[in-house]
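# An overview of the molecular structure
Here is what each chain is made of, one letter per residue.
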Amino acid sequence: MKIRKKLVLFIAILAAILFCVLLSLAWGSRSIPFAEIIDILTGKGGDSFNVDVVRTRIPRTIFGILAGAALGVSGALMQSITRNPIADPSILGVNTGASLFVVCGIAFFNINLPQQYIWFALVGGSLTSAFVYAVASIGGEGATPLKLALSGAAVSMAFGSLVSTVMLPKSNVMDDFRFWQVGSIGGAGWDDIKIIVPYLLFGFVIAICLVPSLNSLALGDEMATSLGVNTKLTRGLGALAGVLLCGATTALAGPIGFVGLMIPHFMRSLFGPDLKYIMPMSAFGGACLLVISDVMGRLAGSPGELEVGIVTAFLGAPVFIMVARKAKVKSL
Amino acid sequence: MMSNKNAFIWEGYQKRRRRVAVITTVLIILIALCAVVMMTFGNTVYSLDTVFRVLKGEEIKGATFTIKTLRLPRLLVGLLSGLAFGVAGNTFQTLLRNDLASPDIIGVTSGSSAAAVFCILILHMSGTAVSVISLLAGLLVAGVIYFLSFGKGFSKGRLILIGIGAQAMLNAVTSFVLLKGSEYDVPTALRWMNGSLNGVKLDRVPGLLVTVVTMTIAIVMLGRYLQILQLGDDSAITLGVKVQVAYIGLIFASVFLIAFATSVSGPIASVAFLSGPIASRLIGKGRVNTLPAGLVGALLVLASDLIGQFALGTRYPVGVITGILGAPYMLFLLVRMNKKGESVS
């Protein structure tokens, strides 16, 4: 019975993704009827202008699916390795750290290849998250949700200012790269997808392999150790995968917050605490959320476009507040 | 014996009073220095004599425009906004007995800013009406955060956490409005996200001046309650303070200050957060430091604006500079708090 319920939910989420993809192809500053999209996709042709519009929307949508999945899994990983309900790449500073390093790389080292962006972003993301976590763990009670949120907010604030400082003198560069302040998937093309896929695959594989160990970790460090889990190794690999997923996404799309916070919580409420379900479902859910947020950004911002990072912040902040209200405040 | 003890206490009291007087004077002198530099320096350097002649009403070609239209409003708005942010931030921090509970961290300033930018870019309003609406927005945000932080009992930790969430959401609203107003050019965006003194007009000064003076007086007058509230709510109730009334009055006055300053200069980052702690570091704990905090705020804004304008090659708006100043202090505060094992709530 329970399995059947999960199966139904799973199918519902897949259907939701499919629906979001259709919307993403159809809606925007020029809207195209669904019937025509299906004609175009099956190669039956259609209005030649519409064909072009749909063609440019395809890579963007695929990139959105990949990025959303990466952010969702990254959030699930971070929440389980820190055992902290509000851990999320954007709260741990991974996003802004990655952004800052890429922007500095462009400004001072003249990097201009996506591969280079990714490596700068990965270094920046890992250093920043380690730093934020270290600051939050000083003191007796370890990294409580509040301490983590505050040190993340402080670092994001500092790095946000630094990104502006680095970019402001180069206002010609600024126009092209505004998305390093607020994430956007608007400019994504097939090349970006090809570049990002290996990194994401690597991250997803690590995440799935870690599921049993992470499940034990949820019982507490001592219990996990007695069950034969190497807690340090698990945490290290989990952090690596989390940063890999989120850093690679940020390198090409800029900082997109709150996806990694919202989705795992939502999936936990649907599927229970077992990461065997939460991890893959966070990928699907994240994909769904990011694609639909992108569509909302296009509609809300029309005739221009609202960056997807703004939409996810707007949707995610109330969830953050809800989680904060429920979190054990004694430990805050 | 007794009189000896009294004399000792009296001496300490006098010593602290002298310290406050000295520090206040030093702060005022530093602000005056910044003001002089701001009025004389720029693309063209004018002598002090010229500046005074222009201010007295003499027409000097070039100088009159530069000084009266460009430099004077910048100076006055910087001064008044700095005072407003400093006083308001300090009041919040004292009331909630936590340096992190500053209006620019818990979203109150962002609320005012979002409302102001909406009124200006979408509704094409201007002047005092904008300030009033951003006041209402600030009060609303403060109220909502406060009520949301009641779970099983009120907790400051939760209030701060919820405030951070509210901040993120309101910043998203501001970005949205900036885009919709098709004004997403870099200067406008920075003004409403970080705060800037570029292009402020003289006609906004009188309203700001009246607000800053009246609300600061109100906060100073309520200040004796503030001093008692520092001891904790229970002690304050025992000592006969009507805690609720004092709270509401002080919060209202602070949000008033923030809203008016924000609607003119934008939410100048971190000034509200930094001023109070710096002031209390300077004059010692246990005193209400409303005025020194205001002066520190004004000094921070003016000095940062000078740095932003002249020290770095590119002209940065003041908020970018103060934003960078604020973050290390926040980290320092966290590290210190964590080391001491103080719980943040």
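Residues numbered from 1 in each chain as written. Chains lettered and ligands numbered in written order. Predicted model: local features only at pLDDT ≥ 70, side-chain atom pairs only at ≥ 80, totals over all residues.

Turning our eyes to something else, we now look at the overall build of chain B. When helices and strands are tallied, chain B shows 14 helices and 2 strands. Relative to the compact-globule value of 20 Å for 345 residues, chain B shows a C-alpha radius of gyration of 21 Å, a close match. When the backbone C-alpha atoms are referred to their principal axes, chain B occupies close to 70 × 50 × 35 Å. Looking at chain B residue by residue over its 345 residues, the buried ones come to 50%. Within chain B, contacts between residues at least 6 apart in sequence are counted, and of these 76% link residues at least 24 apart. (Helix = DSSP H or I, 4+ residues; strand = E, 2+ residues; numbered from the N terminus. Rg over C-alpha atoms; globule rule 2.2 N^0.38 Å. Buried ≥ 20, exposed ≤ 12 C-beta atoms within 10 Å, placed from the backbone. Contact = placed C-beta atoms within 7 Å.)

Let us now look at the overall build of chain A. The helix and strand inventory of chain A stands at 13 helices and 0 strands. Starting at the N terminus and walking to the C terminus, you meet the elements of chain A as α-α-α-α-α-α-α-α-α-α-α-α-α. Rg of the C-alpha trace for chain A: 20 Å, near the compact-globule value of 20 Å for 332 residues, within the 12% margin. Overall, the C-alpha framework of chain A stretches about 65 × 60 × 35 Å when taken along its three principal axes. The 332 residues of chain A split such that 53% are buried. For chain A, the proportion of contacts with a sequence separation of at least 24, taken over those separated by at least 6, is 76%.

Moving on: the environment of A63 of chain B. Residues and elements named next belong to chain B. Looking at the secondary structure, you find A63 in helix 3 (residues 63–95). Residue classification places A63 among the partly exposed positions, given that 18 C-beta atoms sit within 10 Å. C-alpha separation for the pair A63 and V45, spaced 18 residues apart in sequence, amounts to 9.5 Å. Among residues more than four places away in sequence, those in contact with A63 are Y46, T50 and V54.

Glancing now at the interface of chain B and chain A. Counting residues at the interface gives 38 residues for chain B, matched by 38 residues for chain A. If you list the elements that add at least two residues to the side of chain B that touches chain A, you get helix 6 (156–180), helix 7 (186–194) and helix 14 (318–340) of chain B. Element by element, the count of residues in the side of chain B that touches chain A is highest for helix 6 of chain B, at 15 residues. Split by residue class, the side of chain B that touches chain A holds 25 nonpolar, 11 polar and 2 charged. (Nonpolar A, V, L, I, M, F, W, Y, C, P; charged D, E, K, R; others polar.)

Among the nonpolar cores identified, the biggest contains 206 residues, and A70, A121 and A248 of chain A together with A84 and L257 of chain B are the most heavily contacted of them. Considering every element that reaches this core, the biggest residue donor is helix 6 of chain B, with 15 residues. With residues near it in sequence (within four places) discarded, A84 of chain B still touches V212, L257, I258, F260 and A261 of chain B. (Core = buried A, V, L, I, M, F, W, Y, C linked by C-beta atoms within 7 Å.)

Let us now look at the packing of helix 3 (residues 48–82) of chain A against helix 12 (residues 275–301) of chain A. How two helices pack is summed up by the angle between their axes together with the distance between the axes. Residues and elements named next belong to chain A. As a packed pair, helix 3 and helix 12 sit with axes 6 Å apart at the nearest point and diverge in direction by 135 degrees. Here helix 3 lies oblique to helix 12, going by the angle between them. Crossing hand, helix 3 versus helix 12: right-handed. Classifying every residue of the contact of helix 3 with helix 12 by side-chain character gives 15 nonpolar, 9 polar and 1 charged. (Axes fitted to C-alpha atoms, helices over the stretch in contact; angles between N-to-C directions. Parallel < 35°, antiparallel > 145°, perpendicular 65-115°, else oblique. Left-handed = near helix turned anticlockwise from the far one by under 90°.)

Another point: the packing of helix 8 (residues 190–217) of chain A against helix 12 of chain A. Residues and elements named next belong to chain A. At a closest axis distance of 9 Å, the pairing of helix 8 and helix 12 adopts a crossing angle of 145 degrees. Read as a crossing pair, helix 8 and helix 12 show a hand that is right-handed. For the pair helix 8 and helix 12, contact is made by A207, I208, V211, L214 and N215 and by L275, K276 and M279, respectively. Here the contact of helix 8 with helix 12 is built from residues that sort into 6 nonpolar, 1 polar and 1 charged.

Within the secondary structure layout, N98 of chain B lies in the loop between helix 3 and helix 4 (108–121). A count of 20 C-beta atoms within 10 Å places N98 of chain B in the buried class.

Trans peptide bonds make up most of the peptide bonds, and negative phi angles are found at most residues other than glycine. Positive phi is not limited to glycine here, since R83 of chain A has a value of about 50 degrees. As for its position among the elements, R83 of chain A is in the loop between helix 3 and helix 4 (94–108).

Before going further, it helps to spend a moment on helix 1 (residues 2–26) of chain A. Residue and element names in this part refer to chain A. Taking 1.5 Å as the rise per residue, helix 1 with 25 residues should run 36 Å; its terminal C-alpha atoms sit 36 Å apart, in good agreement. Of the residues making up helix 1, those classed as buried are C20, V21, L23, S24 and L25. On its buried face, helix 1 sits against helix 2 (34–41), helix 3 and helix 12. (Expected span 1.5 Å × (residues − 1).)

Moving on, we come to the confidence of the model for chain A. The predicted coordinates should not be examined in detail at positions where pLDDT is low. Per-residue pLDDT for chain A has a mean of 84; in total, 93% of the residues score no lower than 70. Summarising per-element confidence for chain A, the mean pLDDT is lowest in helix 7 (residues 171–176) of chain A (60) and highest in helix 12 of chain A (92). (pLDDT = per-residue confidence, 0-100.)

Our next topic: helix 13 (residues 290–311) of chain B. Residue pairs spaced three or four apart in an α-helix point in one direction, given the helix's 3.6 residues per turn. In this model, helix 13 of chain B (22 residues) spans 30 Å end to end at C-alpha, consistent with the 32 Å of a helix rising 1.5 Å per residue. The element helix 13 of chain B is extensively covered by neighbouring structure, given that 18 of its 22 residues are classed as buried.

The predicted model of chain B has a mean per-residue pLDDT of 84, with 94% of residues at 70 or higher. Per-residue pLDDT, averaged within each element of chain B, yields its smallest value for strand 2 (residues 153–154) of chain B (67) and its largest for helix 13 of chain B (92).

Residue and element names in this part refer to chain A. Mapping T128 onto the fold places it in helix 5 (residues 114–137). For T128, a count of 26 C-beta atoms within 10 Å puts it in the buried group. Separated by 171 residues in sequence, T128 and L299 place their C-alpha atoms 34 Å apart. Those residues in contact with T128 that sit more than four places away from it in its chain are G93, V94, G97 and V155.

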